[in-house]
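Residue strings, one per chain:
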Amino acid sequence: MSARTPTVCPYCAVGCGFYITRSGIEYMQDHPVNEGSLCPKGNAALDVLNHVDRLRYPMMRIGDGWIRVSWEEALDRLAEEMKRALREMGPKSIAFLGSAKCTNEENYLFQKIARLVGTNSIDNSARRCHSPTIVALRRMLGTPAMTNPITDLALSDCILLIGSNLAENHPVVARWILRARDRGAAVIVADPRVTPTAWLADLHLQLNPGTDIALINGMINVILREGLENRSFIKERTGGFEELDVSDYTPDRVSSITGLSAGDIVRAARLYAKSSASTIVYCMGITQHTCGTDNVTACANLALICGQIGRPGAGILPLRGQNNVQGACDMGALADFYPGWRSVDDSREIDELRRLWNAGALPVGRGLTADMMPDADLRFLYVMGEDIVNSDPTVSRRRGKLKRCFMVVQEIFMTDTAKLADLVLPAAAWAEKEGTFTSTERRVQWVSRAGEPPGEARPDIWILAEVAARLGFDFPSEPEEVLAEINQAVPAYRGISRRNAGARGGIIWPCPHPDHPGTPVLHAERFSTPDGRARISPVHHTPLERTSPEHPLILLTGRVVLHYNSGSMTMRSEGLVKREPEMHVDVNPDDAARFGVADGDTVVVETGWGRARARARVTPRQKRGTLFMPFHFPETNLIASELLDRNAMMPELKIAACRIGRAD
């Protein structure tokens, strides 16, 4: 280990840089995004590296127990079982789950194995966070990604935050919003809860859950009625405006849907449209709905009719969750896209990859998404770095069905998903290997190895190359070699190398050639659609979830600052667990009195999908008629909805009608 190794935080997708030294973390003051700061999770990032629970040896299930096996035995068994499934049941009997925590190079090789053996049944956790962003922004703008870098927020004169509690979930981003506020920018927060992000707001729109489309269409109604739209931008750079009819979304009608005052809707519309540079920031409060794709579409419509896109300080910023969600999707670890966002239905684009890979026919058509896998007739499932049992409600409830197939899990800890496996392969953590990660703002950064993995754990890229060899494929095994192949497969990464990705702050794609400086702002002159124009597309509000006498409350879910996704990493950090040790549910004081719940009580929350126990926290920050539970604890998945956004196959994870009562 060198004295000081630069790295990138393994938690959220902001891509904060810091150094790993022999004594711990040293802050990277000259990193362009975090400027030396880290959130609580980032400060605890090293806790997982030498944790006593790390997997150290390959293990094979024998009956109800495990035996330690050699890598040769483990890899031979993996290849044998995959070949058996292919021989007896064909490619439809096997599936792959990639990881938004693994590098671009690892996800690229993982999906390549899947495609070469004949299946598009490969997915990653982006399915449960930003798949609606992928569908909507790709269709409307041509590129499914943030349009501007995070630092651009400081240049905005109006920032609309909708469905995002970034002050807790992406704390470093809040720094750039505060700088904008110091310059006099207006901050609008649309959120049913009074979150720390809402504390930043000049205007907090505490709307009813699931009414985002009504709010945005209401703002567009005001903008068009008052002539605040950007007519020249609409005429020269968009199509479909004539189909955008929001005449029914008057402020008074939208007020009745959202619970907001008509005056606040008008004020928000004027602030956004009149600003010289406005930005929309959204997160899973927008995407994790059955109408997630329509929610994203509404956000893009608002930006397009005002011409608030394609300039510094003006854009659309979907905040991704995990550190490499953007990269895993860029690499094609999705059931509906090959690398470089090539559609699985476009045979011409698929043929480009077939030639690059010197392959025979490649599969066409969407494969199984993560939610579909438990109910499919699978014979073989390969999971790389995903704890799907604790992060996906469908998988959580149907975990028993996964035991019907031969299951391989490649992980750093014995997660609840790994406990179901037939074969467990110990993997290196992010600081024990090399490769690139792509942050939420399309920033590609190279990470160097700061130490060795424990025991016989190996980098995922080594494991995948060994698996590929046993299947008859000749894969590169060094990250730089894989990145060189990515240069050919993913046009936006054509000029990305260890040199420019390894520079301080890396490089922002698209980067078309090695000497290109990167492209922080997308769509400056044209959109990446076939004709260069963006597509405006009308969407309409439909009620999502209704309360009833049986379920009189609405449950909301989300993150808290001290934990991360399924908790497989943060739950092993003593400092974080000490401060956030257990599942809790936030309850409004009026609702607490109504249902006989006191602060600190153990309660049961029950939806139509299941029931869970939690500790009650009575707080006026919670909107009356709603509850809030963090999804880092397995119990939340037990009561979340399984309904899907049919465009993006996104589960309705954000809201569910529910009831609450004391556990006793």
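None of these values were measured; they are calculated from a predicted model. (Residues numbered from 1 in each chain as written. Predicted model: local features only at pLDDT ≥ 70, side-chain atom pairs only at ≥ 80, totals over all residues. Heavy atoms only, no water.)

Caption draft 1: The arrangement of the overall build of the protein chain in detail. Scanning the protein chain from terminus to terminus reveals 22 helices and 30 strands. Relative to the compact-globule value of 26 Å for 664 residues, the protein chain shows a C-alpha radius of gyration of 24 Å, a close match. Overall size of the protein chain, expressed as C-alpha extent along the three principal axes, is 70 × 65 × 50 Å. Out of the 664 residues in the protein chain, the part that is buried amounts to 65%. (Helix = DSSP H or I, 4+ residues; strand = E, 2+ residues; numbered from the N terminus. Rg over C-alpha atoms; globule rule 2.2 N^0.38 Å. Buried < 20%, exposed > 50% of the residue type's maximum accessible area, 1.4 Å probe, protein only.)

Caption draft 2: Representation of the packing of helix H9 (residues 251–258) against helix H10 (residues 262–274) within the structure. It is the contact of H9 with H10, at a shortest axis distance of 8 Å, that shows an interaxial angle of 110°. With respect to their mutual orientation, H9 and H10 come out roughly perpendicular. Of the two elements, H9 crosses H10, and the hand of that crossing is right-handed. For the pair H9 and H10, contact is made by Pro251, Asp252, Val254, Ser255 and Thr258 and by Ala262, Ile265 and Val266, respectively. Tallied by class, the residues present in the contact of H9 with H10 amount to five nonpolar, two polar and one charged. (Axes fitted to C-alpha atoms, helices over the stretch in contact; angles between N-to-C directions. Parallel < 35°, antiparallel > 145°, perpendicular 65-115°, else oblique. Left-handed = near helix turned anticlockwise from the far one by under 90°. Contact = heavy atoms within 4.5 Å. Nonpolar A, V, L, I, M, F, W, Y, C, P; charged D, E, K, R; others polar.)

Caption draft 3: Inspection of the packing of aromatic side chains at higher detail. On inspection of all chains with the given rule, the structure shows 13 aromatic pairs. Judged by centre distance (6.0 Å) and plane angle (40°), the rings of phenylalanine 96 and tyrosine 382 are tilted. Separated by 286 residues along the polypeptide, phenylalanine 96 in strand S6 (residues 94–97) and tyrosine 382 in strand S16 (residues 380–384) bring together distant segments of the chain. According to the relative accessible area criterion, phenylalanine 96 is buried, its value standing at 0%. For the pair phenylalanine 380 and phenylalanine 406, a centre-to-centre distance of 6.1 Å together with 15° between the ring planes defines the contact as stacked. On the criterion of sequence distance, the pair formed by phenylalanine 380 in strand S16 and phenylalanine 406 in strand S17 (residues 406–411) is long-range, its members being 26 residues apart. Owing to a relative accessible area of 0%, phenylalanine 380 belongs among the buried residues under this scheme. Counting every residue linked through ring pairs, the aromatic cluster contains Phe96, Phe110, Phe380, Tyr382 and Phe406. Above the ring of tryptophan 176, the side-chain terminus of arginine 179 is found at 4.2 Å from the ring centroid. We note arginine 193 situated over the ring of phenylalanine 628; from NZ or CZ to the ring centre the distance is 3.5 Å. (Phe/Tyr/Trp six-rings, centres within 6.5 Å; stacked < 30°, edge-to-face > 60°. Lys NZ or Arg CZ within 6 Å of the ring centre and 35° of its normal.)

Caption draft 4: Fine view of helix H14 (residues 347–356). Two or three places before arginine 348, at the opening of H14, aspartate 346 has a side-chain oxygen 3.1 Å from that residue's backbone nitrogen. Asparagine 358 sits one or two residues past H14 and shows a positive phi near 50°. (Polar contact = N/O pair within 3.5 Å; in protein donor to acceptor, adjacent residues only side chain to side chain.)

Caption draft 5: Focus on unusual backbone geometry. Cis peptide bonds are those with omega within 30 degrees of zero, and the linkage from tryptophan 509 to proline 510 qualifies with 5°. Relative to the helices and strands, proline 510 resides in the loop between strand S21 (507–508) and strand S22 (534–535). If you check the backbone angles, asparagine 358 has positive phi at about 50° while not being a glycine. Summarising the element assignment, asparagine 358 is placed in the loop between H14 and S16.

Caption draft 6: Quick peek at the sheet that holds strand S19 (residues 435–438). The strand order across the open sheet formed by three strands is S19-S20-S21, and the pairing between neighbours is antiparallel. Bordering the open sheet on either side are S19 and S21, each of which pairs with just one other strand. On the sheet, helix H3 (residues 104–116) packs against S19 and strand S20 (443–447) and is oriented at approximately 95° with respect to S19. (Pairing = 2+ DSSP bridges.)

Caption draft 7: Expanded view of the sheet that holds S17. Reading across the sheet, the seven strands line up as S5-S4-S18-S17-S16-S6-S7 and stay open at both edges, with mixed pairing between neighbours. Every other strand in the sheet has two partners, leaving strand S5 (65–68) and strand S7 (122–123) as the edge strands with one partner each. Examined bridge by bridge, S6 and S16 share four bridges and lie parallel to one another. Its bridge partner lying in S16, phenylalanine 96 is registered against tyrosine 382.

Caption draft 8: Structural context of the layout of surface pockets. When its volume is computed, the largest pocket comes out at roughly 960 Å³. Contributing to the lining of the largest pocket are 39 residues, with Gly142, Thr143, Gly340, Trp341 and Ser528 lying nearest its centre. When contributions to the lining of the largest pocket are tallied by element, the ones reaching two or more residues are helix H4 (131–141), strand S15 (342–343) and H14. Counting residues per element, the lining of the largest pocket draws most heavily on H4, at four residues. Across the lining of the largest pocket, the residue classes tally to 18 nonpolar, eight polar and 13 charged. Considered as a void within the structure, the second largest pocket measures approximately 340 Å³ in volume. The wall of the second largest pocket is formed by 17 residues, among which Asn208, Pro209, Thr211, Glu545 and Ile554 lie closest to the centre. For the lining of the second largest pocket, the per-class residue count stands at six nonpolar, seven polar and four charged. (1 Å grid on protein atoms, 1.4 Å probe; cavity = no way out; pocket = protein on both sides within 12 Å on 5 of 7 lines; lining within 4 Å. Points joined across faces, edges and corners; volume = space filled by probe spheres on them.)

Caption draft 9: Spotlight on the state of the cysteines. Evaluated as defined, the whole model comprises zero disulfides. Free cysteine: cysteine 291, not disulfide-bonded; nearest cysteine sulfur from cysteine 299 at 11 Å. Under the relative-accessibility criterion, cysteine 291 is labelled buried at 11%. Residue cysteine 299 is classed as buried on the basis of its relative accessible area, which comes to 1%. (Disulfide = S-S within 2.5 Å.)

Caption draft 10: Looking closely at the pairing of strand S26 (residues 610–618). Inspection of the sheet shows strand S24 (residues 584–587) paired to S26 by four bridges, in the parallel sense. Across the sheet, residue valine 587 finds its bridge partner in S26, namely valine 618. Bridge analysis of strand S25 (residues 602–607) against S26 gives six bridges, and the strand direction is antiparallel. Pairing of valine 605 across the sheet is with alanine 612, part of S26. From the end of S25 to the start of S26, which pair antiparallel, there are two residues.

Caption draft 11: Representation of H10 in the model. The end-to-end C-alpha distance of H10 is 18 Å, a good match for the 18 Å that 13 residues give at a rise of 1.5 Å each. What H10 keeps buried is the set Ala262, Ile265, Val266, Ala268, Ala269, Tyr272 and Ala273. One side of H10 holds all its buried residues, which, seen down the axis, span an arc of 160°. (Expected span 1.5 Å × (residues − 1). Arc of directions from axis to C-beta.)

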